[in-house]
Amino acid sequence: MDIRDRMEKERNGLTKKQRMTADYMRTHPDEMAYLTLKEVSRRVGVTEITVLHTCEALGYAGYNEVKNEFRKVLLTSENEKPVDDKERALFEIGNEEMKAAADYWNHIEIRQFLEAADLILKSQEIFLCGQGFSYDLADIVKNRLMDCNLFSVTVNTELNDEVNAALGIMTEESLVVSVSFPEYYEGTDLITKEARAKQARVLAVTDNENAKIVKEADIALTGPMVMVNLLMSAIRLQQGKSTSEVRQSGREKIKK
């Protein structure tokens, strides 16, 4: 049963003010997905303590848990959405992102990340190639690789001098990590194709499985940018780090 059914079932065991609070929550699931504790207490006309006691009486650890339950309700309903236009727009954007992430996770091939990690660890030189936003992301990957004690070079595929310099020293032992997110640039496609002609190995990192770089890649990681964190975790695991060390590293990155 969802939270609304649970509220209806437990309603008779609540105090008068708790019933008022639960009734408001149950009949306003769209608002409950994003309202603060203070705002709920104001709209119902009770204290914040009463709202918290209502949550506890219904069997939840706190208000945030109740809020998350209502978000789950909205994720499975296309008809119940926030009333405010801006909040509705942001909710729908977030909803689409969550659905895309869930779909990605449901179809992910974890083995690919370990194989990509091995590809990186076995390469003599690593060239991180991208343009625009994708170059910025490549630079972030470079810094994350440094945390793993791995040296790499970023190549802005918009700059011919950088591209030619990188191509001039590429060998069969080199790895080209082509990063391509919207907007997609021809320069990244071209250096990837040239790298393949030199028999360098290619790792494609993109959100588009039909991207040109995917066709040239030994391994292609396609999905939202969360996969970058998965890749870095896979590298640490392949370096022999324990799962606790990898998780701790991830938490430190979030704090920074």
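We now turn to the structure provided with this report. Everything quoted here is computed from the prediction, not taken from an experiment.

### Focus: the layout of surface pockets
Here the second largest pocket is characterised by a volume of approximately 220 Å³. Tyr 104, His 107, Ile 108, Glu 109 and Thr 222 are the residues nearest the centre of the second largest pocket, which is lined by 14 residues in total. Of all the secondary-structure elements, those providing two or more residues to the lining of the second largest pocket are α7 (85–106), α8 (110–121) and β5 (219–222). Considering only residue class, the lining of the second largest pocket consists of eight nonpolar, four polar and two charged.

### A look at the sheet that holds strand β1 (residues 125–130)
A sheet is described by the order of its strands in space; here five strands give the open sequence β2-β1-β3-β4-β5, paired in parallel fashion. Each edge of the open sheet carries a strand with a single partner, namely β2 (153–156) and β5. Each neighbouring strand pair of the sheet contributes to a mean axis angle of 20 degrees, computed without reference to strand direction. As defined by bridge partners, β1 adjoins β2 across four bridges and the pair is classed as parallel. When the bridges of β2 are listed, Gly 130 appears paired with Asn 156. Strands in contact with helix α9 (residues 133–147) are β1, β2 and β3 (174–180); relative to β1, the strand with the most contacts, it is inclined by about 155 degrees.

### Re the side chain of Ser 123
Mapped onto the secondary structure, Ser 123 falls in the loop between α8 and β1. In this structure, Ser 123 is in contact with Glu 173, Leu 175 and Arg 201, ignoring residues within four places of it in sequence.

### Some details on the pattern of salt bridges
Under the defined criterion, the tally for this structure stands at 10 salt bridges. In this structure, Arg 4 and Asp 2 form a salt bridge, with 3.1 Å as the shortest nitrogen-oxygen distance. Under the relative-accessibility criterion, Arg 4 is labelled partly exposed at 23%. For Asp 2, a relative accessible area of 26% puts it in the partly exposed group. Of the charged contacts in the structure, one is a salt bridge between Arg 43 and Glu 31, with a shortest N-O distance of 2.8 Å. Here Arg 43, found in helix α4 (residues 37–44), pairs with Glu 31, found in helix α3 (residues 29–32); they are 12 residues apart in sequence, far enough to count as distant.

### Points about helix α11 (residues 186–197)
Taking 1.5 Å of rise per residue, 12 residues should cover 16 Å, and α11 covers 17 Å from first to last C-alpha, within 8% of that figure. Next to the buried residues of α11 lie β1, β2, α10 (160–169), β3, β4 (201–206) and α12 (212–216). Gln 199 occupies a position one or two residues after α11 and carries a positive phi of about 65 degrees.

### Considering the packing of aromatic side chains
Any two aromatic rings considered together are summarised by their centre-to-centre distance and by the angle between their planes. Applying the stated criterion across every chain, the model contains zero aromatic pairs. Here the basic side chain of Arg 6 rests over the ring of Tyr 60, its NZ or CZ set 4.3 Å away from the ring centre.

### Some points on the pairing of β4
Counting buried residues along β4, five of its six residues qualify, which places the element largely inside the surrounding structure. With six bridges connecting them, β3 and β4 associate as parallel partners. Note that in β4 the partner of Ser 180 across the bridge is Thr 206. A crossover connection joins β3 to the parallel β4 through α11; in handedness this β-α-β unit is right-handed. Sheet topology note: the β4/β5 ladder contains four bridges and is parallel. Residue pairing in the sheet places Val 205 in a bridge with Leu 221 of β5.

### Some thoughts on the environment of Ile 213
With respect to the helices and strands, Ile 213 occurs in helix α12. The spacing of Ile 213 and Thr 192 is 21 residues in sequence and 6.2 Å in space, taken between C-alpha atoms. Other than its neighbours up to four places away in sequence, Ile 213 contacts Ser 178, Ser 180, Thr 188, Asp 189, Thr 192, Ala 204, Val 205 and Thr 206.

### Some details on the packing of helix α2 (residues 16–27) against α4
Here α2 crosses α4 at 110 degrees, and the two axes come no closer than 10 Å. Of the possible angle classes, the one that applies to α2 and α4 is roughly perpendicular. Across the interface between the two elements, Met 20, Thr 21, Tyr 24 and Met 25 of α2 pack against Val 40, Arg 43 and Val 44 of α4. When its residues are assigned to classes, the contact of α2 with α4 shows five nonpolar, one polar and one charged.

Scoring rules and cut-offs
- Residues numbered from 1 in each chain as written.
- Predicted model: local features only at pLDDT ≥ 70, side-chain atom pairs only at ≥ 80, totals over all residues.
- Heavy atoms only, no water.
- 1 Å grid on protein atoms, 1.4 Å probe; cavity = no way out; pocket = protein on both sides within 12 Å on 5 of 7 lines; lining within 4 Å.
- Points joined across faces, edges and corners; volume = space filled by probe spheres on them.
- Helix = DSSP H or I, 4+ residues; strand = E, 2+ residues; numbered from the N terminus.
- Nonpolar A, V, L, I, M, F, W, Y, C, P; charged D, E, K, R; others polar.
- Pairing = 2+ DSSP bridges.
- Axes fitted to C-alpha atoms, helices over the stretch in contact; angles between N-to-C directions.
- Contact = heavy atoms within 4.5 Å.
- Salt bridge = Lys/Arg side-chain N within 4 Å of Asp/Glu carboxyl O.
- Buried < 20%, exposed > 50% of the residue type's maximum accessible area, 1.4 Å probe, protein only.
- Expected span 1.5 Å × (residues − 1).
- Phe/Tyr/Trp six-rings, centres within 6.5 Å; stacked < 30°, edge-to-face > 60°.
- Lys NZ or Arg CZ within 6 Å of the ring centre and 35° of its normal.
- Right-handed = clockwise from strand over helix to strand, strands pointing away.
- Parallel < 35°, antiparallel > 145°, perpendicular 65-115°, else oblique.

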